[in-house]
Amino acid sequence: MANTLFHAERRIAQRARSLNSSAIREILKLTERPEMISFAGGIPSPASFPLAALRDASARATHASSADAFQYSATEGYAPLREWIAREHSSRQHPVAPSNVLITSGSQQAFDLIGKVLVDPQSAVLVERPSYPGALQSLSLYEPEFVSVQTDEHGMVSKALEYVEPERAALLYLQPNFQNPTGARLPIQRRRKIAEIAQRTRLIVVEDDPYAALAFDGGQSLPTIHSMAPDNVIYLGSFSKVLAPGLRVGYMIVPGALQKKFVQVKQAADLHSSTLSQRIVYESVRGGLLATHVPRLASFYREQCAAMLSALDAHMPEGVHWNVPEGGMFIWLALPPDIDSAALLEDALALNVAFVPGAPFFARDPLHHFLRLSFATVSPQQIDCGIERLAALINAYSRAFTPVFDLDLDR
Ligand SMILES: Cc1ncc(COP(=O)(O)O)c(C=O)c1O
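Residues numbered from 1 in each chain as written. Predicted model: local features only at pLDDT ≥ 70, side-chain atom pairs only at ≥ 80, totals over all residues. Heavy atoms only, no water.

Here we take up the site of the ligand. Taken together, the neighbourhood of the ligand is formed by 14 residues, with Ser107, Asp208, Tyr211, Ser238 and Ser240 sitting nearest. For the ligand, a nitrogen atom lies 2.6 Å from a polar atom in the side chain of Asp208. The fraction of the free accessible surface of the ligand (400 Å²) that becomes covered by protein chains is 92%. Ranked by residues supplied to the shell around the ligand, first place goes to helix α6 (residues 106-118) with four residues. The residue makeup of the shell around the ligand, split by class, is four nonpolar, seven polar and three charged. (Near = heavy atom within 4 Å. Polar contact = N/O pair within 3.5 Å; in protein donor to acceptor, adjacent residues only side chain to side chain. Areas by Shrake-Rupley, 256 points an atom, 1.4 Å probe, with all protein chains shown as cover. Helix = DSSP H or I, 4+ residues; strand = E, 2+ residues; numbered from the N terminus. Nonpolar A, V, L, I, M, F, W, Y, C, P; charged D, E, K, R; others polar.)

In terms of nonpolar packing, the biggest core is built from 79 residues, with Phe239, Leu344 and Leu373 touching the most fellow members. When residues of this core are assigned to domains, at least three fall in each of domain 1 (18-49 + 291-400) and domain 2 (54-288). For Leu344, the contacting residues outside a window of four places in its chain are Leu335, Ile339, Phe355, Leu371, Leu390, Leu393, Ile394 and Tyr397. In terms of nonpolar packing, the next biggest core, distinct from the first, is built from 26 residues, Ala135, Tyr142, Leu171 and Tyr173 among them. (Core = buried A, V, L, I, M, F, W, Y, C linked by side-chain atoms within 4.5 Å. Buried < 20%, exposed > 50% of the residue type's maximum accessible area, 1.4 Å probe, protein only. Domains from an automatic or database assignment. Contact = heavy atoms within 4.5 Å.)

The sheet built from four strands is open, its strands ordered β11-β12-β15-β14 with antiparallel pairing. Among the strands making up the open sheet, the edge pair consists of β11 (321-322) and β14 (356-357). In terms of strand pairing, β14 meets strand β15 (residues 370-374) through two bridges, oriented antiparallel. Considered in β15, the bridge of Pro357 is made with Leu371. (Pairing = 2+ DSSP bridges.)

Structure (structure tokens):
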């Protein structure tokens, strides 16, 4: 038996051999124990799902006469939903035609399609440092050379793009709003600069924007890079964070020149995204649900974030730093540089506290003294209790090391 397995493993193609399981998904498996206080999952709070509206929308989508909801459908996606997305974008940003919208099975599928269409082995893929591991994992199957672009507390340093040969890169992947993991929101000047560099160097920018709606101040969102350079940007949107992720409905807005190729690779991958899910999403949003639901969501996450920030202020020892996000679901914590967050996780799990260590967020040369905390799914009381336990553990680790006084310029 063991012998057969050995031979079968040897048949695994080169590109799949180096693929690792998502570190986050592995940790999530460990956090299913009810007593666990998990800051690990980047998942939306189930308490935030608009269940009644989703049930009504499902009933409308599956109405007895609607056999179409269960039929094969167009690769590009459900036409009324594509039109709705195009209208939404056009009203807030640059005009978008429904023909530019391609519905995907979550934005996760978009990464795979982008890898297939744009990435050859060894081609340079420019990414933030840190970046989203789900995108890195998916793109890595196409065997690129990841090149990290300098990133600070406001996101990608746009000027630094000039120094990584954008004209030779296959693409640049970034998140403009409430980045996963750092929570950073890219300022408008940097968006303009990135759009200008993209146009000048013919760089394709993949602008992944699932958290845009989760701005705590509920204010006007900043213009997308897509609105500034629509021929250079592939924009990724998702209904996962504003409705429910189990529907698996996301979308790409693709420049005209690339449209046909993306439809072909999507066709080859899965024919089309779930007809039923797309109709449920459309029936949910068509009547204006998001206009009332999104402000409720944003205020829910604002309260959750405030609870975590005050717990951090109250309990964390000196030498630990974190960002104050203006939206999204994440806080990015910097430990003293001699503490390895993966080792810390082992001990934290024994205390029933979970988080995601920082290393998987780096495309290369990982830094080990960061960790990501999600404030999305844990009650404020549990947040305080979990952060207090974590802080005590970090304190114990800090005391176990002799202080190091050199400046770590990477932090
Ligand atoms: C930055 C980012 N992009 C994309 C995704 C994938 O989202 P989905 O496939 O559910 O649309 C996630 C999920 O957490 C994410 O955090």
